[in-house]
Amino acid sequence: NTETMTPPAKPVVTMKEIARLAGVSRQAVSAVLNNRWKEIRLSEPTRRKIEAVLQQTQFKPNSLGRALVLQKSQLIGVVVSAVNYSFFPEALQGMEDLAEQEDYGLLVMTTRDNADRQEQIIRFMLDRNVDGLLVHSLPKIHRPLQDRIRQRNMPVVYMGGDGTSFFPEARSVATDGRQIGALGIRHLMERGHRHIACVDLMDCVRQGVQALLTKSSEKVQVEFWEGLSYREAWKRWHDAPVRPTAVFFMGDDMACRFLSLAIPAGVLIPNQLAVLGVDDIPTAADALIPLTTVAQPRYEQGLAAARLLLDLVKGKEAESIVLQPRLVVRQTT
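Quick caveat, the model's predicted, so the values are computed rather than measured.

Draft legend 1. Broad picture of the side chain of Thr175. Along the chain, Thr175 falls in strand 5 (residues 171–175). A relative accessible area of 8% places Thr175 in the buried class. Within the structure, the side chain of Thr175 is placed 3.0 Å from the side chain of Gln301, a separation counted as a polar contact. If we ignore the near neighbours within four places in the chain, the residues touching Thr175 are Ile180, Gln296, Pro297, Gln301, Leu323, Gln324 and Pro325.

Following this line, the structure appears as structure tokens:
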């Protein structure tokens, strides 16, 4: 009788082992696997060394076994208003890089600024047994859904704002909005502007503007224009009997679109009008007239949010995080 022999199983090669063999960090391995090695400024020789180890070991990322052992889905639910929001693409890269280091995946869904849709999305994610929620969207979570999240003992982290008034157990990772407002309005005042329009500022940013004005001995007229599109903001500025000499927009996208109307109309930037944005997206530096902006650390915020959430998933004590913005001065001011 011929006895059938079962070949021994090949040892599982982990990302940690790949990193050890290549003499690099797990983040570097993750960056090569996801073709993001340039973004973390990995050298060409290091990239080739990692690729050689990956080829030699025939590495294939697979978190299923670990998920079964830990009785976790190894999935993070990410709830956002839209994927093309200027803040989000780089923040998502930070989330992905940290998640992949920890053998997690992301389930990303958009609310499209619809509260009912947000509720449906969160229920869908709970049904898929995600291990935690990263929310960059409408902050409110209704009571029945809050109770279900609590019963699951599921951590929730808000990005870009503080949702703890709606869900007290949540943590948050955000850029200091009051400091964004203070940096922006101080810069415009230092440039000599005493009549400034602020367009669609978040409440926390507006508070920063008002706090700085309260402390200042300068007499400055600030108008807060709410709920306007860039076209409506342009029309309001253009038709004003006395035009503000500077406009402070909540986002770079809106500021750049405003410039696309002002420049062809013959407005001299910044001689007749200074324009300031928030975020420092690539479009800001590449605009026809490069845009002055208050930069948020987008990649770092996504990375920090994912790290905070996974610490909570692992049962570690972790507190909310506030990151600091910085002023990037270009030609529009």
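Draft legend 2. Quick peek at the packing of aromatic side chains. Counted by the stated rule, this structure contains three aromatic pairs. Where Trp234 meets Phe258, the ring centres are 5.9 Å apart and the plane angle is 75 degrees; that geometry is what we call edge-to-face. Linking Trp234 in helix 10 (residues 230–239) with Phe258 in helix 11 (residues 252–262), this pair joins segments that are 24 residues apart in sequence. The burial state of Trp234 is the same as that of Phe258; both residues are buried. Geometrically, the ring pair formed by Phe249 and Phe258 is tilted, given 5.0 Å between the ring centres and 55 degrees between the ring planes.

Draft legend 3. Spotlight on helix 7 (residues 143–151). Within helix 7, the full set of buried residues consists of Leu145, Gln146 and Ile149. Looking down the long axis of helix 7, one finds its buried residues gathered within 105 degrees of arc, a one-sided arrangement. With respect to the buried face of helix 7, the exposed residues turned more than 90 degrees away are Arg143, Pro144 and Gln151. In this structure, the buried side of helix 7 is in contact with helix 6 (115–127), strand 3 (132–136) and strand 4 (156–159).

Reading the values: the criteria
- Residues numbered from 1 in each chain as written.
- Predicted model: local features only at pLDDT ≥ 70, side-chain atom pairs only at ≥ 80, totals over all residues.
- Heavy atoms only, no water.
- Helix = DSSP H or I, 4+ residues; strand = E, 2+ residues; numbered from the N terminus.
- Buried < 20%, exposed > 50% of the residue type's maximum accessible area, 1.4 Å probe, protein only.
- Polar contact = N/O pair within 3.5 Å; in protein donor to acceptor, adjacent residues only side chain to side chain.
- Contact = heavy atoms within 4.5 Å.
- Phe/Tyr/Trp six-rings, centres within 6.5 Å; stacked < 30°, edge-to-face > 60°.
- Arc of directions from axis to C-beta.

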